[in-house]
Amino acid sequence: MPGHILVLDPAPAMQALLAHNFEGAGYRVSCALDARGALAVLAADPPDVLLLEWELPDASGIALLRQVRQDGALCDLPIIMLSARDSEQDKVLALDSGADDYLCKPVGPREMLARVHALLRRRTPAALRAATAGAALRLDPYTLRVTAGSVPVSLGRVEFKLLHFLMDHPGTVHSRAQLLDQVWGHAVYLDERTVDAHVGRLRQALQPGGCGHRIETVRGSGYRYLAYDAAVCA
């Protein structure tokens, strides 16, 4: 189950150990030593899973966890809290603050990989694991790859989720409010113009493969995905 893992741990030895294990399992790994470095990675190259140490040199891991959960683009990012703290109170605090899982150090590499695999499986419903395809555009939610014709498409996390949702409901018109709920989450409050901005980025990314037109604007209603049309992707 390849993907991008961000390891946030102030101990270089722990970073190296986790990176070695995840890279051996096929993951791409980014590392950060503190909250500031992690926020830079989250903004520039959002991961599929964040491994978050509680004790950080410049902030509390709990504070960073809550900050991420309030970010509209990252609010549903899978997060596993890592800590030497093993009290029930600490575990409950982390989970109530938004962590998806909690692991006490030391933790074995096999268990860590299993926890990440299980978390990603839960976040990707079985019905969506099969590749979603239509005409020249193909999206594989399992490998996180998108191709337009023979051209690989690089998408940000939000654009990938937006395309995934639209392709899973071909021909159905979705309002901006509906897309905000389905892609960003019901608990996130954003201006509907946010949707327009991300649709624009998505079309721009699909254009080199000739499939930007497949994200159609329905005037006064919203957007829909055209799986097939009379035109040939140029």
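Not measured: the values here are computed from a predicted model.

Help me out: how do you make sense of the pattern of salt bridges in this one?
Enumeration according to the criterion identifies 14 salt bridges in this entry. Note that Arg157 and Asp48 form a salt bridge whose closest N and O atoms lie 3.9 Å from each other. One end of the pair, Arg157, is in helix 7 (residues 157–168); the other, Asp48, is in the loop between helix 2 (35–44) and strand 3 (49–53), with 109 residues separating them in the sequence. Among the ionic pairs, Asp196 bridges to Arg176, the shortest N-O distance being 2.7 Å. Of the two residues, Asp196 sits in helix 9 (residues 193–206) while Arg176 sits in helix 8 (residues 176–184), which places them 20 residues apart along the sequence. It is possible to trace a salt-bridge network through shared partners that takes in Asp48, Asp76, Arg157 and Lys161.

I keep staring at helix 2 and nothing clicks. Help me out?
Side chains of residues three or four places apart in an α-helix project in the same direction, reflecting 3.6 residues per turn. Every buried residue of helix 2 is accounted for by Ala35, Ala38, Val41 and Leu42. For helix 2, the angular spread of buried residues about the axis comes to 120°, placing them on one side. With respect to the buried face of helix 2, the exposed residues turned more than 90 degrees away are Arg36, Ala43 and Ala44. For helix 2, the secondary structure elements touched by its buried residues are strand 1 (4–8), strand 2 (28–32) and helix 3 (61–69).

Please clarify how the side chain of Gln15 should be interpreted in this entry.
Examined against the element boundaries, Gln15 turns out to sit in helix 1 (residues 12–24). Gln15 sits in the buried class, given a relative accessible area of 11%. A polar contact is formed between the side chain of Gln15 and the backbone oxygen of Ala32, at a distance of 2.8 Å. What Gln15 contacts, discounting residues up to four positions off in sequence, is Val7, Asp9, Cys31, Ala32 and Leu33.

For this particular structure, what's the right way to read the pairing of strand 4 (residues 79–83)?
Along any regular strand the residues' side chains alternate between the sheet's two faces. Of all 5 residues in strand 4, 5 are buried, a share of seventy percent or more. Pairing analysis gives 4 bridges linking strand 3 to strand 4, with the strands arranged parallel. Opposite Leu50, over in strand 4, you have Ile79 as the bridge partner. Remark: the strand 3/helix 3/strand 4 crossover connection has right-handed handedness. As paired elements, strand 4 and strand 5 (residues 101–104) share 4 bridges and run parallel to each other. Bridge pairing in strand 5 links Met81 to Tyr102. Handedness of the crossover is the feature at issue here: the chain leaves strand 4, passes through helix 4 (residues 88–96), returns alongside strand 5, and the resulting connection is right-handed.

Looking at this structure, how should I read the packing of helix 8 against helix 9?
Any two packed helices are characterised by how steeply their axes cross, that is the angle between the axes, and by the distance between the axes. In the contact formed by helix 8 and helix 9, the axes pass within 9 Å of each other and the chain directions differ by 75°. Classed by the angle they form, the pair helix 8 and helix 9 counts as roughly perpendicular. Residue-level contacts link Arg176, Leu179, Leu180 and Trp184 of helix 8 to Thr194, Val195, Asp196 and His198 of helix 9. Of the residues belonging to the contact of helix 8 with helix 9, the class tally is 4 nonpolar, 2 polar and 2 charged.

I keep staring at the sheet that holds strand 5 and nothing clicks. Help me out?
Sheet strands pair by backbone hydrogen bonding; their relative direction is either parallel or antiparallel. Taken together, 5 strands build an open sheet; the order of strands is 2-1-3-4-5 and the sheet is parallel. Each edge of the sheet is formed by a strand with only one pairing partner; in this case those strands are strand 2 and strand 5. Across the sheet, the axes of successive neighbouring strands diverge by a mean angle of 20°, strand direction being ignored. Summarising the sheet, strand 1 and strand 3 pair through 4 bridges and their orientation is parallel. Note on strand 3: the bridge partner recorded for Val7 is Leu51. Sheet strands in contact with helix 1 are strand 1, strand 2, strand 3 and strand 4, and its direction is about 170° off that of strand 2.

Please clarify how the confidence of the model for the chain should be interpreted in this entry.
A low pLDDT score tells you not to read the predicted coordinates there in detail. Across the chain, the average pLDDT comes to 84, with 88% of residues at or above 70. Mean pLDDT across the elements of the chain ranges from a minimum in helix 6 (residues 126–129), with 42, to a maximum in strand 3, with 94. In the predicted structure, residues 126–130 sits below a pLDDT of 50 and forms 10 contacts with residues beyond four places in sequence or in another chain. The model gives residues 230–234 a pLDDT under 50, and that stretch makes 8 contacts with residues more than four places away or in other chains.

Basis of the calculations
- Residue positions within a chain follow its written sequence, with the count starting from 1.
- The model is predicted, so local features are restricted to residues of pLDDT at least 70 and side-chain atom pairs to those at 80 or more, both for listing and for counting; the totals for chains, interfaces and linings are taken over all residues.
- Each side-chain value is worked out from all heavy atoms of the structure, with water and hydrogens disregarded.
- Salt-bridge detection follows one rule: a side-chain nitrogen of Lys or Arg within 4 Å of a carboxyl oxygen of Asp or Glu.
- Only runs of H or I of at least four residues qualify as helices and only runs of E of at least two qualify as strands under DSSP, and these elements are numbered from the N terminus.
- Note on classification: 1.4 Å probe, protein chains only; a residue is buried when its accessible area is under 20% of the maximum for its type, exposed when over 50%, partly exposed between these limits.
- By construction, the arc corresponds to the directions joining the helix axis to the C-beta atoms.
- In this analysis, two residues are considered to be in contact whenever any of their non-hydrogen atoms come within 4.5 Å of each other.
- Each polar contact in these results corresponds to two N or O atoms within 3.5 Å; when the atoms are within protein, one needs to be able to donate a hydrogen and the other to accept it, and residues that are neighboring in sequence are counted only if both atoms are side-chain atoms.
- Strands are labelled as partners when DSSP assigns at least two bridges between them.
- If the strands point away from the viewer and the path from the first strand over the helix to the second runs clockwise, then the crossover is right-handed.
- Axis lines are fitted to C-alpha atoms, over the contacting stretch for helices. Their N-to-C directions set the angle, which ranges from 0 to 180 degrees.
- Should an angle lie under 35 degrees it is considered roughly parallel, over 145 roughly antiparallel, and from 65 to 115 roughly perpendicular; all remaining angles are considered oblique.
- Under the convention adopted here, Pro, Cys and the residues Ala, Val, Leu, Ile, Met, Phe, Trp and Tyr are nonpolar, Asp, Glu, Lys and Arg are charged, and Gly plus all remaining residues are polar.
- Within a predicted model, pLDDT stands for the predictor's per-residue confidence, ranging from 0 to 100.

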